[in-house]
Amino acid sequence: MKSIFLTLLILLSFYSNAQDKEKISLLKAPSSPASVVIGTQPAAITRPKSWEAVEASVFSNFLNSNSSLVIPDDFALEVSPYWLNSKTKLDIEKFVDPNIGTSLLQNLSFSVASTKNFLIYDTVKTDAVGLGLRTMIRFGEKNGERKKDILKNVLAKVTVRNHIIKITEDFNAEKKIKSTKIFIKKLRRHIIDVGLVTESQADELVTILDDKSLPDDLVAKFDEVQDAIKDAFDKLRDVGGDLHAIESLQKDLSGFKIEFAAATSLNFPDHRTEYSIIPKTVAWITPSWQPKDQHFEFLGVLRYSWYDGEYYKKYLPTQNYFDHNLDFGARLVFKSDRFSLEGEMIGRRSKQLIERTVDSEGFVTEKSKTSGDFQWLLNFNYRLTESIVLSYNFGKKFNLVSETANSLISVATLNFGLGAPKLENIKK
Amino acid sequence: MPIYRYKHRRPVKDQEEVILKIQLLDQGSAASHLIDIPGPNDNDALNSCTVVLGRGRDLKKERTLIFSSPVNVDPNVNDIQLEFYLNDEMIQHHTNPKTVDVSPQIIMTLNFE
């Protein structure tokens, strides 16, 4: 009991240290840049599936009953033009094997967000709108050809199935055969003769149908027999397995990708839509790489922010700001069954123009303040037993956000897993 | 899984040309169709397609059968959906959850009169 208490204390001390650090994941390209730039977390993001729905959403939210422009509160909309165009949306070849240009268009989305709670002078609520876009490019899509081949195979199989089902319809329309057994025997011979299946495939199909113990009264139970033939064919040619294989490849996100995002905010400080200011614009670039074997992972971040100095001086005088702010960082992870090693670093460069003068001869003199800081962290985890993990963190955190003069991080922890309940205990 | 069977009865003038359109609705969808029109000329078609079935007087002789096998390979799409149109008028909307059948078989029977 004593040791568990001690471990909890150590864990808590590490947790408080971890809170001081800037998280690299917070610098990644966000899923809704428009919401991030105005500092909102909308309860729901509207993602219309047609241009008509986009139009309806914009008109119903931004126009009041007098057709005047209004700013809705807690609103977020994301539109992906590629998927709204039925011609591009339904191009199956490009869906399973997009080139770089198509990948960029498929992932391109525009976002709009708005709030009525954008604070100026620390307490005054005003209207604000965020406008953003994001996209992603995946490089080295190696599964494209494989997916196309499997899909071609699936379509060939279901084409054969269409023809077999048509033959069953034709035979039934003749109304000559009354027995299911004779019907299947005739079907077997016919689909071999017309080259839809090989003799061995036809035999397997019949074996699967025999196992189903179908009723022999074909006249009364034709639909049931036809359903069974469809199922037997799917089982024989494993159509479901092929489709599952393509979906699994679609979910595989390994490889190198770069995410881009940008957003700008628009504030209406005196509640009039005729008067607006752009306080902040942000751009993100997030490259990442994950190999198939899952042992390595790389994430890079680059975030550039522009601030309107005059706006901040006038409406947010208590906030510390810079005209330009650059955050950059990278994380590299190696994981194995027994241990993991993670290295992470984040840097920050900020610049603010203090004064700009032009003398009588046209020489421009600029006075600016700059600031920079850097943090890095190494994290090592070693699994001692199934439920005990030893962790060690070493690094340096930002001076800017540190409340104490000491920015060194050096923490070792021992984590005890209490474990999930065992099946036999639940049964008891 | 049971085959989805639909029937549609339609009056048609002798000289009227009838055009069938099969429209897939979701990204990641593909399909194979076999269109069995009266006479020896059956048509195989893929994905969303438009097929001229023929003049009313020929179509009245026998039923027309359409065998459709749609699939969807987008893990984010839950249903398989497609629509059948005759001369731009929707006659049937098909939908089935992928959890019920990932590769449904549809038989659409058209009777022209």
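Remember, it's a predicted structure, so these values are computed and weren't measured experimentally.

(A) Representation of the sheet that holds strand β8 (residues 89–97) of chain B within the structure. All names here are of chain B. Spatial ordering of the open sheet is given by β5-β2-β7-β8, a layout of 4 strands whose pairing is antiparallel. Every other strand in the sheet has two partners, leaving β5 (49–55) and β8 as the edge strands with one partner each. Ignoring strand direction, the axes of neighbouring strands in this sheet form an average angle of 15 degrees. Where strand β7 (residues 79–86) lies against β8, 8 bridges are found, and the strand directions are antiparallel. Bridge pairing in β8 links E83 to H93.

(B) Local environment of the interface of chain A and chain B. Counting residues at the interface gives 32 residues for chain A, matched by 39 residues for chain B. Taken together, the two surfaces of chain A and chain B that pack against each other cover about 2,800 Å², and 60% of this comes from carbon and sulfur. On the chain A side of the interface with chain B, the three residues burying the most area are L90, N162 and K166 of chain A, jointly 20% of the side's total. For the pair chain A and chain B, the interface holds 6 salt bridges. With a shortest N-O distance of 3.5 Å, E169 of chain A and R63 of chain B are connected by a salt bridge.

(C) Structural view of the packing of aromatic side chains. Residue and element names in this part refer to chain A. Tallied over the full model, the rule gives 17 aromatic pairs over all chains. Taking 5.8 Å as the distance between ring centres and 35 degrees as the angle between the ring planes, the aromatic pair formed by F139 and F256 counts as tilted. Of this pair, F139 sits in strand β3 (residues 124–139) while F256 sits in strand β4 (residues 255–268), placing them 117 residues apart in sequence. Look at F139 and you get partly exposed, because its relative accessible area is 32%. A ring pair is formed by W376 and F394, whose centres lie 5.6 Å apart and whose planes are at 65 degrees; its orientation type is edge-to-face. Placement of W376 in strand β9 (residues 364–383) and of F394 in strand β10 (residues 388–396) is noted, with a sequence separation of 18 residues between them. Its relative accessible area of 31% is what places F394 among the partly exposed residues. Joined through ring pairs, the aromatic side chains of Y121, Y307, Y311, Y312 and Y315 make up one cluster.

(D) Geometry of the pattern of salt bridges. Residues and elements named next belong to chain A. Going through the model one piece at a time under the given rule, you end up with 33 salt bridges over all chains. A salt bridge links E386 to R383, with the shortest nitrogen-to-oxygen separation between them at 3.6 Å. Exposure remark for E386: the relative accessible area of 73% places this residue in the exposed category. Residue R383 is classed as partly exposed on the basis of its relative accessible area of 23%. Linked through salt bridges whose partners overlap, the residues forming this network are E93, D97, E145 and K148.

(E) Main features of the environment of D327 of chain A. Residues and elements named next belong to chain A. Inspection of the secondary structure assignment puts D327 in strand β7 (residues 324–335). Taking the relative accessible area as the measure of exposure, D327 reaches 0% and is therefore buried. For D327 and W284, which are 43 residues apart along the polypeptide, the C-alpha to C-alpha distance reads 9.5 Å. If sequence neighbours within four positions are ignored, D327 has contacts with L27, V301, L302, R303, G347 and R348.

Calculation notes
- Along each chain, residues carry numbers from 1 onward, in the same order as the chain's sequence is written.
- As they are written, the chains are lettered A onward and the ligands numbered 1 onward, keeping that order.
- Reporting of local features is limited, given that this is a predicted model, to residues whose pLDDT is at least 70; pairs of side-chain atoms are given and counted only at 80 or more, and all residues count toward the totals for whole chains, interfaces and linings.
- With hydrogens and water set aside, each side-chain value is computed from the structure's full complement of heavy atoms.
- Here, any two strands with at least 2 DSSP bridges between them count as paired.
- A run of DSSP states H or I qualifies as a helix once it reaches four residues; a run of E qualifies as a strand once it reaches two. Both are numbered from the N-terminal end.
- Whenever a helix is involved, its axis is fitted only over the stretch in contact; in every case the axis is a line through C-alpha atoms, and angles between N-to-C directions fall within 0 to 180 degrees.
- Throughout, a contact is declared for two residues whenever any of their heavy atoms are within 4.5 Å.
- The term buried area denotes the loss of accessible surface (1.4 Å probe radius) that occurs when two parts are joined, taken as the sum for both partners.
- Salt bridge criterion: a side-chain nitrogen from Lys or Arg within 4 Å of a carboxyl oxygen from Asp or Glu.
- Two aromatic rings, drawn from Phe, Tyr or Trp (for Trp, its six-membered ring), form a pair once their centres lie within 6.5 Å of each other, and the interplanar angle then sorts them: stacked below 30 degrees, edge-to-face above 60, tilted otherwise.
- A 1.4 Å probe rolled over the protein chains alone gives each residue an accessible area, and that area as a share of the maximum for its type sets the label: buried under 20%, exposed over 50%, partly exposed in between.

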